[in-house]
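Letter by letter, the chains look like this.
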Amino acid sequence: MFSSSSRNAGFRHPVRTAIALTVTLASSLALSGPFEDAIAAKNGGDYSRAFPILQRLATQGNAEAQFQLGLMYLQGQGVNPSAKDAYRWLSQSARRGNPEAQSNLGVLYARGRYIPQDAVKAYVWFSLAVRMGNREASTNLDAVRRKMNDDQIAAGNAALLICDAKGLNQCE
């Protein structure tokens, strides 16, 4: 006769062990949703798989998907580069509070890349990203501030007050 411990090869409670393994597996699968699948595809260079997922999520208002879609348009990853579409998705994400999108929007305004150069708007978006803890935005804010005159800084601060009072959708 085998004892229960030798029969179960070291598992004292095989049913509990099986349940625990099932729960662990189900939990890890639940963490991998459409967004994570799209990012894995994008990071792997499978843009044709990532794009439709991100586009669907972005259209539904997912700020991180909007940011990723903006980057794809900006960098021409699986799509024809489009300044208009990059700006649209980055600005939507920024207005939803995504600090990386806010910082990237600041860069676009600071450099005048794809959109007219505007130090005041760059100052606003960098400032908002800094508030959210984006360190890169802090460096960029310092650089843009050094190039601004007092009137431009005052205009940027006034615009930030509007953002604070009316919400990010009113920021510019």
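Details of the structure are given in the entry above.
Since this is a predicted model, take the numbers as computed values, not measurements. (Residues numbered from 1 in each chain as written. Predicted model: local features only at pLDDT ≥ 70, side-chain atom pairs only at ≥ 80, totals over all residues. Heavy atoms only, no water.)

Some words on the state of the cysteines
Note: disulfide means a covalent bond formed between the sulfur atoms of two cysteine side chains. Within this structure, the stated rule accounts for one disulfide. Disulfide pairing places Cys163 opposite Cys171 at an S-S distance of 1.9 Å. On the basis of relative accessibility, which here comes to 4%, the residue Cys163 falls in the buried class. Given a relative accessible area of 2%, Cys171 falls into the buried group. (Disulfide = S-S within 2.5 Å. Buried < 20%, exposed > 50% of the residue type's maximum accessible area, 1.4 Å probe, protein only.)

A short note on the environment of Glu100
Relative to the helices and strands, Glu100 is located in helix α7 (residues 99-111). With near-sequence residues (within four places) excluded, Glu100 lies in contact with Phe67 and Asn134. (Helix = DSSP H or I, 4+ residues; strand = E, 2+ residues; numbered from the N terminus. Contact = heavy atoms within 4.5 Å.)

What about the packing of aromatic side chains?
Enumeration according to the criterion identifies two aromatic pairs in this entry. Their ring planes at 80° and their centres at 5.9 Å tell us that Phe51 and Tyr73 sit as a pair that is edge-to-face. In this pair, Phe51 is assigned in helix α4 (residues 47-59) and Tyr73 in helix α5 (residues 63-75), connecting sequence segments 22 residues apart. Each of the two residues, Phe51 as well as Tyr73, counts as buried. With a centroid separation of 6.3 Å and 90° between ring planes, the pair formed by Tyr87 and Tyr109 is classed as edge-to-face. Of this pair, Tyr87 sits in helix α6 (residues 83-95) while Tyr109 sits in helix α7, placing them 22 residues apart in sequence. (Phe/Tyr/Trp six-rings, centres within 6.5 Å; stacked < 30°, edge-to-face > 60°.)

Points about the packing of helix α8 (residues 119-131) against helix α10 (residues 150-166)
Contact geometry of α8 with α10 gives a least axis separation of 9 Å together with a crossing angle of 50°. Considered as vectors, α8 and α10 are oriented oblique to each other. Read as a crossing pair, α8 and α10 show a hand that is right-handed. Here Ala119, Val120, Tyr123, Val124, Ser127, Leu128 and Arg131 of α8 come into contact with α10, specifically with Gln152, Ile153, Ala155, Gly156, Asn157, Ala159, Leu160, Cys163 and Asp164. Of the residues assigned to the contact of α8 with α10, the class counts are ten nonpolar, four polar and two charged. (Axes fitted to C-alpha atoms, helices over the stretch in contact; angles between N-to-C directions. Parallel < 35°, antiparallel > 145°, perpendicular 65-115°, else oblique. Left-handed = near helix turned anticlockwise from the far one by under 90°. Nonpolar A, V, L, I, M, F, W, Y, C, P; charged D, E, K, R; others polar.)

Description of helix α3 (residues 34-43)
Burial in α3 covers these residues: Phe35, Ala38, Ile39, Ala41 and Lys42. For α3, the buried positions fall inside an angular range of 160° around the axis, keeping them on one side. Facing away from the buried side of α3 by over 90 degrees, the exposed positions are Ala40 and Asn43. Packing partners of the buried residues in α3 comprise α4 and α5. In the stretch just after α3, Gly45 is the one whose phi turns positive, near 85°. (Arc of directions from axis to C-beta.)

Let's talk about the environment of Ala154
For Ala154, the location among the structural elements is in helix α10. The spatial distance from the C-alpha of Ala154 to the C-alpha of Val120 is 9.0 Å, given a sequence separation of 34 residues.

Notes on the pattern of salt bridges
A full pass over the atoms with the stated rule returns four salt bridges. Of the charged contacts in the structure, one is a salt bridge between Asp85 and Arg88, with a shortest N-O distance of 3.3 Å. In this pair, Asp85 and Arg88 both sit in helix α6, three residues apart, roughly one turn of the helix. For Asp142, the salt bridge is made with Arg145, and the minimal N-O distance between the two is 3.4 Å. Of this pair, Asp142 and Arg145 both sit in helix α9 (residues 135-146), three residues apart, which is roughly one turn of the helix. Take Asp142: its relative accessible area is 34%, and that puts it in the partly exposed class. (Salt bridge = Lys/Arg side-chain N within 4 Å of Asp/Glu carboxyl O.)

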